[in-house]
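Chain by chain, the residues run as shown.
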2 protein chains.
Amino acid sequence: MDVTDSRSQTGETGRGRPSALQEFKCPIRDVLDRVGDAWSVLVVTNLAEGPTRFNELKRRIEGISQRMLTVTLRHLERDGLVSRTVMPTTPPQVEYALTDLGHSLCRPLDVLADWATANQPLIRASRERYDAESGG
Amino acid sequence: MDVTDSRSQTGETGRGRPSALQEFKCPIRDVLDRVGDAWSVLVVTNLAEGPTRFNELKRRIEGISQRMLTVTLRHLERDGLVSRTVMPTTPPQVEYALTDLGHSLCRPLDVLADWATANQPLIRASRERYDAESGG
DNA sequence: CAGAATCCCATTGGATACTG
DNA sequence: CAGTATCCAATGGGATTCTG
């Protein structure tokens, strides 16, 4: 199963990915990795509005597969960014919510999003210019 | 060759990855992707100190492969975050530097890094707790 | 020095089917 | 509803080799 991360404790897979920076390169890389993950950001953003149930999240984050939503939520829960509450009903309901730590991430995320939004036009333009010069 | 991104213009690979959010999900995702990329951040951080040549970068970002440094620099150049200057010497020297846009990214990056640094202990602790409960 | 090209395995992640 | 398990295609990225 690919949900378990016991691998990440050895820090060495053999070849695969660097794993290098994970340990000795940049001590905060593993934290940043979660931000780089597209789905994680989407999930955190959605949960910022309030506690949400599994399928509601799945519906809102249109395009995410069931598997990735599960995996992403597990990661966020493991990191203490998201809490998971099971309601003993039939059928069972599970509610996900941001923890305080999770909420605290929203600010840095907003700063980054603001930068991205503000500079997206320049970046897009730069890409078109680059592609035009390369291709022609 | 995997350096070309003509794929990203169609926005559809067939199955592979979502590519979904790339276009219609989160318009700034493609920008954020660059931040999520471990190497990109490392390169930008290093260039923030001043213009640097290829092999000097490779030496400083210990662990990066030649291929990934090339690919990463191309991406950053395409996005207009990094400039590439070829000095007509023998042997040729190529100097990479942050553009104004590249420099402007440093602030949001710092904010994020500060958050990561400040909260890493909590996250680590949460992970250990989670792993202990799951494993035991 | 600064890359480009090739080879190839490891991880990613969608699709699908099954469970409590 | 809220997952878990399995299968498999596509991508990521290190290692290696070759060039101007």
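For the structure itself, consult the block above.
Because the structure is a prediction, the values reported are computed rather than measured.

Caption draft 1: Representation of the pairing of strand E3 (residues 93–98) of chain B. Residue and element names in this part refer to chain B. Pairing analysis gives two bridges linking strand E1 (residues 52–53) to E3, with the strands arranged antiparallel. Bridge assignment links Arg53 to a residue of E3, and that residue is Glu95. Relative to E3, strand E2 (residues 82–87) runs antiparallel, the two being bridged by six bridges. For Val86, the partnering residue across the bridge sits in E3 and is Val94. Taking the residues that link successive antiparallel strands as the turn, the E2-E3 hairpin has five residues.

Caption draft 2: Broad picture of the packing of helix H7 (residues 100–135) of chain A against helix H3 (residues 29–36) of chain B. Packing of H7 of chain A against H3 of chain B brings their axes to within 8 Å, and their N-to-C directions diverge by 105°. In terms of orientation, H7 of chain A and H3 of chain B fall into the roughly perpendicular class. In this structure, H7 of chain A uses Leu112, Trp115, Ala116, Gln120, Ile123, Arg124 and Arg127 of chain A to contact H3 of chain B, whose residues at the interface are Asp30, Val31, Leu32, Arg34 and Val35 of chain B. Considering only residue class, the contact of H7 of chain A with H3 of chain B consists of seven nonpolar, one polar and four charged.

Caption draft 3: Region of interest: unusual backbone geometry. Looking along the chain, the bond that leaves Thr90 of chain A and enters Pro91 of chain A is cis, with omega of 0°. By the secondary structure assignment, Pro91 of chain A is in the loop between strand E2 (82–87) and strand E3 (93–98).

Caption draft 4: Inspection of the sheet that holds E3 of chain A at higher detail. Residue and element names in this part refer to chain A. With antiparallel pairing, three strands are arranged side by side in an open sheet as E1-E3-E2. Of all strands in the sheet, those bounded by a partner on one side alone are strand E1 (52–53) and E2. Strands E1, E2 and E3 of the sheet are contacted by helix H4 (residues 38–47), whose axis makes an angle of about 95° with E3. Helix H6 (residues 66–78) rests against E2 and E3 of the sheet, and its axis sits at about 110° to E2.

Caption draft 5: Examining the environment of Asp110 of chain B more closely. Relative to the helices and strands, Asp110 of chain B is located in helix H7 (residues 100–135). Here the alpha-carbon distance between Asp110 of chain B and Thr45 of chain B, two residues 65 residues apart in the chain, equals 9.6 Å.

Caption draft 6: Region of interest: the pattern of salt bridges. Scanning the model with the defined rule gives eleven salt bridges over all chains in all. Notably, a salt bridge pairs Glu56 of chain A with Arg59 of chain A, separated by 2.8 Å at the nearest N-O pair. One end of the pair is Glu56 of chain A and the other is Arg59 of chain A, both in helix H5 (residues 54–60) and three residues apart, which spans about a single turn. In this structure, Asp79 of chain B engages Arg127 of chain A in a salt bridge whose closest nitrogen and oxygen atoms are separated by 2.5 Å. Of this pair, Asp79 of chain B sits in the loop between helix H6 (66–78) and E2 while Arg127 of chain A is found in helix H7, placing the two residues in two different chains. Taking the relative accessible area as the measure of exposure, Arg127 of chain A reaches 11% and is therefore buried. Within the structure, one salt-bridge network assembled from shared partners comprises Arg34 and Asp79 of chain A together with Arg127 of chain B.

Caption draft 7: Geometry of the sheet that holds E2 of chain B. All names here are of chain B. With antiparallel pairing, three strands are arranged side by side in an open sheet as E1-E3-E2. Among the strands making up the open sheet, the edge pair consists of E1 and E2. Its contacts with the sheet place H6 against E2 and E3, and it is angled at close to 110° to E2.

Caption draft 8: Expanded view of the environment of Leu76 of chain A. Residue and element names in this part refer to chain A. Within the secondary structure layout, Leu76 lies in helix H6. Leu76 sits in the buried class, given a relative accessible area of 0%. Considering only alpha carbons, one finds Leu76 and Val31, 45 residues apart in sequence, at a separation of 11 Å.

Caption draft 9: Seen up close, H6 of chain A. A rise of 1.5 Å per residue sets the reference length of H6 of chain A, with its 13 residues, at 18 Å; its end C-alpha atoms lie 18 Å apart and thus fit the reference within 8%. The complete set of buried residues in H6 of chain A reads Leu69, Val71, Thr72, Leu73, His75, Leu76 and Arg78 of chain A.

Caption draft 10: How the structure looks around the packing of H6 of chain A against H7 of chain B. It is at 8 Å that the axes of H6 of chain A and H7 of chain B come closest, and there the two elements cross at 115°. Taken together, the axes of H6 of chain A and H7 of chain B are roughly perpendicular relative to one another. Residues Arg74, Glu77 and Arg78 of chain A of H6 of chain A touch H7 of chain B, and the partners they reach there are Ser126, Arg127, Tyr130 and Asp131 of chain B. Split into classes, the residues belonging to the contact of H6 of chain A with H7 of chain B amount to one nonpolar, one polar and five charged.

The rules behind each value
Residue positions are given per chain, counted from 1 along the sequence in the order it is written. Lettering for chains starts from A, numbering for ligands starts from 1, and both go in the order in which the items are written. Local features in a predicted model are, by the rule used here, given only for residues with pLDDT of at least 70; side-chain atom pairs are given and counted only at 80 or more, and totals for whole chains, interfaces and linings are based on all residues. Only hydrogens and water are set aside; all other atoms, that is, all heavy atoms of the structure, feed into the side-chain values. Strand pairing is assigned whenever DSSP detects at least two bridges linking the two strands. In this text, helices come from DSSP runs of H or I with a minimum length of four residues, and strands from runs of E with a minimum of two, each type numbered from the N-terminal end. The angle between two axes is taken between their N-to-C directions and runs from 0 to 180 degrees, where each axis is a line fitted to C-alpha atoms and a helix contributes only its stretch in contact. Convention used here: angles under 35 degrees read as roughly parallel, angles over 145 as roughly antiparallel, angles from 65 to 115 as roughly perpendicular, and any remaining angle as oblique. By definition, residues are in contact when any of their heavy atoms lie within 4.5 Å. Each residue is assigned to one of three groups, with Ala, Val, Leu, Ile, Met, Phe, Trp, Tyr, Cys and Pro labelled nonpolar, Asp, Glu, Lys and Arg labelled charged, and all others, Gly among them, labelled polar. By definition, a salt bridge exists where a carboxyl oxygen of Asp or Glu is found within 4 Å of a side-chain nitrogen of Lys or Arg. Exposure categories follow from relative accessible area, calculated using a 1.4 Å probe and restricted to protein chains: below 20% of the type maximum is buried, above 50% is exposed, and the middle band is partly exposed. Helices are assigned an expected span. That span is 1.5 Å times one less than the residue count.

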